[in-house]
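Spelled out from the first residue to the last, the chains are:
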Amino acid sequence: MPGAPATTPRKQLIIAIVDDDASVCRALERLVRSLGFEGATFSGGQHFLDALSGPVPILPDCAVLDIHMPGMTGIELQQRLAGTGLPIVFITAHDDPVLRKQALTAGAKAFLRKPFDDELFVETLYAALSRPRDP
Amino acid sequence: MLVLESFGPSPVTAGSAAFRATLEREYDRPVDVHHATVDAARFADPAHEAQLVDFLKSRYQGKLDLVAPMLSPAAEFMSRHPDLFGDTPVVVAGISLRRIPPGLDTPATTYVAARGDPAGHIENVLRLLPDTRRIVMVFGASKFERFSSALARKQFQQFAGRVDFDWLEGLSMDETSARVAALSQGSVVVLANLVADGTGLALDKDEGVRRLYAVAKVPIFGYFESSLGKGIVGGRLYPDVTLGVEGARLAIRILKGEASNKITPVVLEENAPVYDWRELHRFGIPEDRLPPGSEVRYRQLTVWEAYRWHIAAAIALLLLQAVLISGLILQAARRRRLEAERKRTEAELLHTRAELAHMTRVFTLGELSASLAHELNQPLTAILSNAQAAQRFISAGGVTDLQEVSEILGDIVEDNKRAGEVIRRVRSLVKKEGLDAEPLDMARAVREVVLLLHSDAVLRNVSVSLEAEPALPAVLGDRIQLQQVTLNLLLNAFDAVKESNASERAVVLKVEPDGKDMLKVAVSDSGHGLAGDCVDQVFDAFYTTKPNGLGMGLSISRSIVEAHRGRLWAENNPGRGTTFFFTVPVAPQ
């Protein structure tokens, strides 16, 4: 098991998880928690945007977005988040090369295909987080 | 008038009978006819003749308008006594031309005569029956007949070497009959005259021929036309009847006032040969052996000849009936064959339709593989992530929060079931089965399809909603096939809204009653609708608007629904988009 970041976090980083599948949301929240992060789950893009701009806005360090969601898709959400500097990791059960290219071109840190191994997820998350946040 | 018979008094000859009959028929005034007879068969002696002369003289002298001697013996009697009746006209009704006695040639006398030709009879026999070896001549025993016989013997010498003759004469009728009965093939009988037999018994005019005919096994030929029809074969017959008829006509002329000396005697032309068909037939004598100009009488019409038209009509009717019956049988057989063929074709069609439906389902599910993978990947992702999170929790600090672990395990179990459901739905649709109608919950079946297509809807960004009235009755149908129809309509609806804005991509399913006996499923989309003329065309096989479509979906769907005795149709919505409807009968309670 690589590293021990879960045991020695200097600061509790917040990972936002946006997926319309509640079960997937719950599982990923547990996974990021087991890695020592704090997980915040949202059932859709609008829900997440509302939380970002609410009266007590959350300040996630990274967003894990599902691509296919009713209403607003992950790609549309990415567009809405453009300029926020929030690192985005896409997860999708349906690997579409066109969407993958679109997402990465638009600045996504990674594009993971569900289901994914926790090691890959950990590496991806750290890779995403190592980037300095925009000032 | 006095009729002077040659034989008799009773019975009279055929000529005499004809004379009387003609007189009665052709003369319209009453005639007092007296009869006397010379009775030549019995009394041929001069003493008797003298008595007769006295008798006639005393009874009739000066009282008669006409005397009519019948046949030669009477005529000869008259010729021997030319002054018996003075100037009273005399008509001899029938005499052989060769036997006209010289004393008959008085001014008061006229006659009807015929040519006799005994040799002609023999020629006739040999012509008809060339194989004849023996001719048996039958004569009676009267003086008149003995005379005839003697004449014949002389004439028939010309046949010496061609045929033998037996002469039966002077015998009793019984003996004659016995001799004739004993004759066998190769012999024929020629009946010349039989007015009295060897015992002196006078015979009825037809008795001879009648009795011989009753016993003879060989053909009988006769001299007289009066014998025809009574058993003789026939030939150029002596016109004994015609002599009577013509004699009567001469008598009528005289009774009407013509002077007898002004009346030329009548000599009858030779009769045309005439035959009895029954005898020709009996002895196998072909008609082509008859002399030219022969007349065949008593022809017994064969059933065919007698009832030709009846038979023809009956046969035609039978044929018609047979044709009709054959036609009906053929038609029935054809109908049975067609019926069997129809059943076989129907069975094949059902099978083919099931095969095709199955293939289409497999094809459709193949098309859905991406969304099905998505549908499976969601629970698998959750399971994996949950399990790995639990591993990390445990390895990090032992089992610290059992409640958390229990929740994780609970989620894993649920997601596992979810994945299992997806696989079950796919498998049930891929199952290869024929039409298996049973009561089923239509709303539930539709809901399963919606769930199966959940991922597809998400991937295509289509919102799907299902409105089902609560407590709908069960329908009678095949779940897999009805789900296939639903699946197909739903996928078509997804395609229909593809071009719409993401926010407007909506598909609504409704399950509701349609009357008392049917349930209706409606699938509405918010697409562009169908062009007017496509509303029915879309159900044609191979009709498609999609680049990768088979064009089979709606065609198969309609055949499935119709096999359920339901209906599948499309209507454009009043606002936008199209609604496809199908109905399925409610299962009997």
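Before reading further, recall that the structure is shown in the block above.
Residues numbered from 1 in each chain as written. Chains lettered and ligands numbered in written order. Predicted model: local features only at pLDDT ≥ 70, side-chain atom pairs only at ≥ 80, totals over all residues. Heavy atoms only, no water.

Asks: I'm lost on the overall build of chain B in this one. Help?
Replies: Looking only at helices and strands, chain B features 18 helices and 20 strands. Out of the 589 residues in chain B, the part that is buried amounts to 48%. A separation threshold of at least 6 residues defines the contact pool for chain B, and within that pool the share at least 24 residues apart is 71%. Summed over all atoms, the accessible surface of chain B reaches about 29300 Å², with 54% contributed by carbon and sulfur. (Helix = DSSP H or I, 4+ residues; strand = E, 2+ residues; numbered from the N terminus. Buried < 20%, exposed > 50% of the residue type's maximum accessible area, 1.4 Å probe, protein only. Contact = heavy atoms within 4.5 Å. Areas by Shrake-Rupley, 256 points an atom, 1.4 Å probe, with all protein chains shown as cover.)

Asks: I tried to follow helix α5 (residues 118–129) of chain A on my own but got confused; where do I start?
Replies: Since the α-helix turns once every 3.6 residues, residues separated by three or four places project in the same direction. For α5 of chain A, spanning 12 residues, the distance from its first C-alpha to its last is 16 Å, which sits close to the expected 16 Å at 1.5 Å a residue. Next to the buried residues of α5 of chain A lie β1 (14–18), α1 (22–34), β3 (62–66), β4 (88–92) and β5 (110–113) of chain A together with α12 (369–397) of chain B. Where α5 of chain A starts, the residue carrying a side-chain oxygen 3.1 Å from the main-chain nitrogen of E119 of chain A turns out to be D117 of chain A. (Expected span 1.5 Å × (residues − 1). Polar contact = N/O pair within 3.5 Å; in protein donor to acceptor, adjacent residues only side chain to side chain.)

Asks: Explanation requested: the interface of chain B and chain A in the structure shown.
Replies: Put simply, an interface is often sized by how much accessible area is lost when its parts join up. Tallying the contact residues gives 24 residues for chain B and 31 residues for chain A. Summing both partners gives a buried area of about 2400 Å² for chain B against chain A, and 51% of it is carried by carbon and sulfur. Here chain B and chain A share 8 salt bridges between them. Among the salt bridges present, the one from R30 of chain A reaches D411 of chain B, with a minimum N-O distance of 3.0 Å. Connecting chain B to chain A are 13 residue pairs in polar contact (both at pLDDT 80 or more). Those elements giving two or more residues to the side of chain B that touches chain A turn out to be α12, α13 (402–430) and α15 (454–460) of chain B. Among the elements that make up the side of chain B that touches chain A, the one with the highest residue count is α12 of chain B (15 residues). Its residues assigned to classes, the side of chain B that touches chain A shows 9 nonpolar, 9 polar and 6 charged. (Buried area = accessible area lost by both parts, 1.4 Å probe. Salt bridge = Lys/Arg side-chain N within 4 Å of Asp/Glu carboxyl O. Nonpolar A, V, L, I, M, F, W, Y, C, P; charged D, E, K, R; others polar.)

Asks: Got a minute to help me understand the sheet that holds strand β18 (residues 518–525) of chain B in this structure?
Replies: Strands belonging to one sheet form pairs held by backbone hydrogen bonds; the direction of such a pair is parallel or antiparallel. Residues and elements named next belong to chain B. The 5 strands are arranged β15-β17-β18-β20-β19 in an open sheet whose pairing can be described as mixed. Two strands lie at the open edges of the sheet, namely β15 (463–468) and β19 (568–572), each paired on one side alone. Geometrically, the sheet is characterised by an average inter-axis angle of 20° between neighbouring strands, direction not taken into account. Of the strand pairs in this sheet, β18 and strand β20 (residues 578–585) are connected by 7 bridges, and their pairing is antiparallel. Following the sheet pairing, L519 is matched in β20 by V584. Across the face of the sheet, helix α16 (residues 479–496) comes into contact with β15, β17 (506–514), β18, β19 and β20 while running at roughly 175° to β20. Taken strand by strand, helix α18 (residues 553–563) contacts β19 and β20, and its axis lies near 125° from that of β19. (Pairing = 2+ DSSP bridges. Axes fitted to C-alpha atoms, helices over the stretch in contact; angles between N-to-C directions.)

Asks: So what exactly am I meant to see when it comes to the pattern of salt bridges here?
Replies: Note that side chains of opposite charge can pair when their charged atoms are close. Evaluated as defined, the whole model comprises 39 salt bridges over all chains. Where R33 of chain A meets E404 of chain B, a salt bridge forms, and the shortest distance between an N and an O atom there is 2.9 Å. In this pair, R33 of chain A sits in helix α1 while E404 of chain B sits in helix α13, so the two residues belong to two different chains. Of the residues examined, E404 of chain B reaches a relative accessible area of 12% and is grouped as buried. Overlapping salt bridges bring together R26, E29, R30 and R33 of chain A together with E404, E407 and D411 of chain B as one network.

Asks: I'm lost on the packing of α12 of chain B against α13 of chain B in this one. Help?
Replies: Between two packed helices, both the angle of their axes relative to each other and the distance between the axes serve to describe the pair. Residues and elements named next belong to chain B. One way to put it is that α12 packs onto α13 with a least axis distance of 9 Å and a crossing angle of 160°. By the criterion of interaxial angle, the relationship of α12 to α13 is roughly antiparallel. Crossing handedness for the pair α12 and α13: left-handed. Facing L372, E375, L376, Q378, P379, A382, I383, N386, A387, A390 and F393 of α12, the residues of α13 in contact are E404, I408, D411, I412, D415, N416, R418, A419, V422, I423 and V426. Split into classes, the residues belonging to the contact of α12 with α13 amount to 14 nonpolar, 3 polar and 5 charged. (Parallel < 35°, antiparallel > 145°, perpendicular 65-115°, else oblique. Left-handed = near helix turned anticlockwise from the far one by under 90°.)

Asks: Would you mind going over helix α11 (residues 308–367) of chain B with me for this structure?
Replies: All names here are of chain B. Its 60 residues give α11 an end-to-end C-alpha distance of 83 Å, which sits within 8% of 88 Å, the value for a rise of 1.5 Å per residue. Within α11, the full set of buried residues consists of A354, A357, H358, T360, R361, T364 and L365. Buried residues along α11 sit in contact with α12, α13, α14 (442–452), α16 and α18.

Asks: Quick question: what am I supposed to make of the sheet that holds strand β7 (residues 164–169) of chain B here?
Replies: All names here are of chain B. Read from one edge to the other, the open sheet built from 4 strands follows the order β7-β6-β8-β9, with strand pairing classed as parallel. The open sheet is flanked by β7 and β9 (220–222), the only strands paired with a single partner. Neighbour to neighbour, the strand axes of the sheet diverge by 25° on average, direction disregarded. As paired strands, strand β8 (residues 187–193) and β9 are joined by 3 bridges and run parallel to one another. Paired with V189 across the two strands is I220, which belongs to β9. The strands touched by helix α4 (residues 118–128) within the sheet are β6 (134–139), β7, β8 and β9, with β9 carrying the most contacts at an inclination of about 150°. Strands β6, β7 and β8 of the sheet are contacted by helix α6 (residues 173–181), whose axis makes an angle of about 155° with β7.

Asks: Honestly, unusual backbone geometry in this entry has me stumped. Any pointers?
Replies: Glycine aside, the phi torsion of most residues is negative, and most peptide linkages are trans. The amide bond that connects K114 of chain A to the next residue, P115 of chain A, takes the cis arrangement and shows omega of -15°. You can see P115 of chain A is positioned in the loop between β5 and α5. One non-glycine residue, L71 of chain B, lies in positive phi territory at about 65°. Positive phi, close to 55°, is recorded for Y298 of chain B, a residue that is not glycine. Tracing the chain through its elements places Y298 of chain B in the loop between β13 (295–297) and α10 (303–306). For Y298 of chain B, a relative accessible area of 36% gives the class partly exposed.

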